[in-house]
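# Close look at the chain arrangement
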Amino acid sequence: MLQMMLSQEVMAKTAQRIMKLLPYKDNSDMIKRAWHLYRTGHVYNVTIENNVLKGKVTDRGHTYEPTFRLKQAASSSCACTAVGLCPHNIALFLYAYNQIDAVGNLIRQWKEPTTKQKHVRRDEKQKHIQVTEQHKKDAAPNGNIIDAWWNSFEKAYRRIPLDYITEEEQMRRIVHSFFQTFERPTAKKPFLDHLYYVHASLFTFMELTRIPLQPWGYSAMMQERHVNQFAQTVQQAMKDLAKKPRSNMHEQLLYDSIPYVRNILLGKIDYVDDILAVYEEMWNTLFTKATYREEECTWAIEQLNKSETLERKIPFIGAASYISFLLGNDERAYKLIHPFPYLAIEHMVDFMHISFAQKNIQRGVEWFERLEQNANAYLYTLHQGDREWFVRTLLSAYHRYSGATGDEQHGRYEQLLQTLLPYSFYEYIDYLFDEQQWKKLIELYMFEQATVDIIPPFHLKAIEQADRSLVLPLYHQTIMKYIEQKNRTAYEQAVKHLRKLRAHYRALKQTHRWEAYVEKLAEQTKRLRAFQQLLQRGKLI
Ligand SMILES: [Zn+2]
């Protein structure tokens, strides 16, 4: 895929080079033409190989097939010019550039000489700094400073052009053109600067999570990635803030921040995992007072009772459960999430990890046990496609549990593997192989209707070496399966396995049992002429 093959570095360098090669004021017509062609969807079938872009561009009824050399832009070509740059190969470049950054940014930069551009940036930053300074002064005890911050974010945000571009491009622009004007404060900066940055990132996150997710495909995947990456930025800003000592005034400012944090719970449900992660980080690291948390929990429960659809309830359920956990009320935390398997699984695993990390072993054990008890019920309420994910999650939770308790109970692990069948098939197979439980291993393969051919040869060999008689039923099952298919190729397979089976009986010195078996088989299949012929030809009867 084109996106995967483009190097951000090469693209950025090429952009710099063509801006020098084609100063905007002398080439504005061509650049505008190229931009127009790209924006109106006249560029398509774009590929890249060895840093050469190729594609098709239709322009006034003609279709051109320009090439654009990323490392030697000037020697690009097109049928309209033969060699050199034209609107078509520039349009091709813009198409590719869009995969790494918003084309609008590039055009703006192109129009404005570098020095001016830098000034604009600096002015923008200066403005924000002034705002901060101003509000430090304004910081009256009634604390309207946060509202003032959000008003200024709102104003700056409205200046970003977001019309006529895709959802994914909007997100990229919000992060690159809007958020990047805020400078991340260094560790030495005071509390207020860090709080300001946390709010700027919360504002940005809120805007991102208000943009609907495309139903499927590459753009949707990129959208999820933007939100997920930005969630990490917000969380990091919160962690940085948490390290700063706070005064009473700061505490008041934090308290004033609560409504803004609540606000993010109203984002699109598609991003609920990232939304909850940000919300929870805030409550875990910054709002540590028990009175705040009690109040928040009451609020979240009220909201969830007020919400009419399950979709609207979910974020509040997650929030109320998490805060209950922070308050030490595990019973309530559990009751809230239990009916919603996706929410429940992720949170219970989290709660277990946090408890163990805090050396609260008993609490962690209880969370693991809640998961374990519900393993079967959750498994079947998940979508088919998510069940193997659940198996991996639960088994890795078990490993964390046994690591933390130092208590490795094979029986318990195996019980879990059994409960999760058939979705735990491969994990169970591996377990039995490692434990050298050959009989059970064969039984599991038989249970899953496996044929000899799909069993890894080293499994088969290990079992045969331990006890050859164990593999006999597997061969019988395999042979029957092939015969049932009633076609020549399958019969040939059956005969191949019959020979192998005979060899096993001979090695076990049970030729009489083999003879009885093959005689009966010949009798049962006497109407399958093709099979009978193969039996005779193979001298099996
Ligand atoms: Zn051309």
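Numbering of residues starts from 1 in each chain and follows the order in which that chain's sequence is written. Predicted model: local features are reported for residues with pLDDT of at least 70 only, side-chain atom pairs are reported and counted for 80 or more only, and whole-chain, interface and lining totals are derived from all residues.

### Looking at the overall build of the protein chain
The cut-off we apply is this: In this description a helix means any DSSP run of H or I spanning at least four residues, a strand means any run of E spanning at least two, and both kinds are numbered starting from the N terminus. Remark: C-beta atoms are placed from the backbone, and a residue is labelled buried if 20 or more other C-beta atoms sit within 10 Å of its own, exposed if 12 or fewer do, or partly exposed between those counts.
Scanning the protein chain from terminus to terminus reveals 27 helices and six strands. Overall size of the protein chain, expressed as C-alpha extent along the three principal axes, is 100 × 75 × 40 Å. Taken over 541 residues, the protein chain has a buried fraction of 30%.

### Digging into the packing of helix α9 (residues 191-208) against helix α11 (residues 248-263)
Note the cut-off: Axes here mean lines fitted to C-alpha atoms, for a helix over just the part in contact, with angles spanning 0 to 180 degrees between N-to-C directions. Should an angle lie under 35 degrees it is considered roughly parallel, over 145 roughly antiparallel, and from 65 to 115 roughly perpendicular; all remaining angles are considered oblique. Note that contacts rest on C-beta atoms placed from the backbone: two residues are in contact if these are within 7 Å. Note that Gly is not counted as nonpolar here; it falls among the polar residues with everything else outside the nonpolar set of Ala, Val, Leu, Ile, Met, Phe, Trp, Tyr, Cys and Pro and the charged set of Asp, Glu, Lys and Arg.
Running from amino to carboxyl end, α9 crosses α11 at an angle of 5 degrees, the nearest separation of the two axes being 11 Å. With respect to each other, α9 and α11 are oriented roughly parallel. Across from Phe191, Leu195, His199, Leu202 and Met206 in α9, the residues of α11 making contact are His250, Leu253, Tyr260, Val261 and Asn263. Across the contact of α9 with α11, the residue classes tally to seven nonpolar, three polar and no charged.

### Concerning the domain arrangement of the protein chain
Accessible area lost when the parts come together is the quantity often used to give the size of an interface. Applied cut-off: Segmentation of the chain into domains, including their bounds, is taken from an automatic or database domain assignment.
Each assigned domain of the protein chain is listed here: domain 1 (2-111), domain 2 (113-288), domain 3 (338-435) and domain 4 (437-537). One C-alpha centre belongs to domain 1, the other to domain 4; they are set 64 Å apart.

### Some details on helix α3 (residues 24-39)
For the record, the criterion: Multiplying one less than the number of residues by 1.5 Å gives the expected span of a helix. Bend angle per residue: angle between axes fitted to the 7 residues ending at that residue and the 7 residues starting there.
Taking 1.5 Å per residue, 16 residues should reach 22 Å; α3 reaches only 18 Å between its end C-alpha atoms and comes up short. At methionine 30, α3 is bent by approximately 40 degrees, the largest bend along its length. Those residues of α3 that sit buried are Ile31, Ala34, Leu37 and Tyr38. Lining the buried residues of α3 we find β1 (43-49), β2 (52-59), α4 (87-97) and α5 (103-111). With its phi angle positive at about 75 degrees, glycine 41 sits one or two positions after the end of α3.

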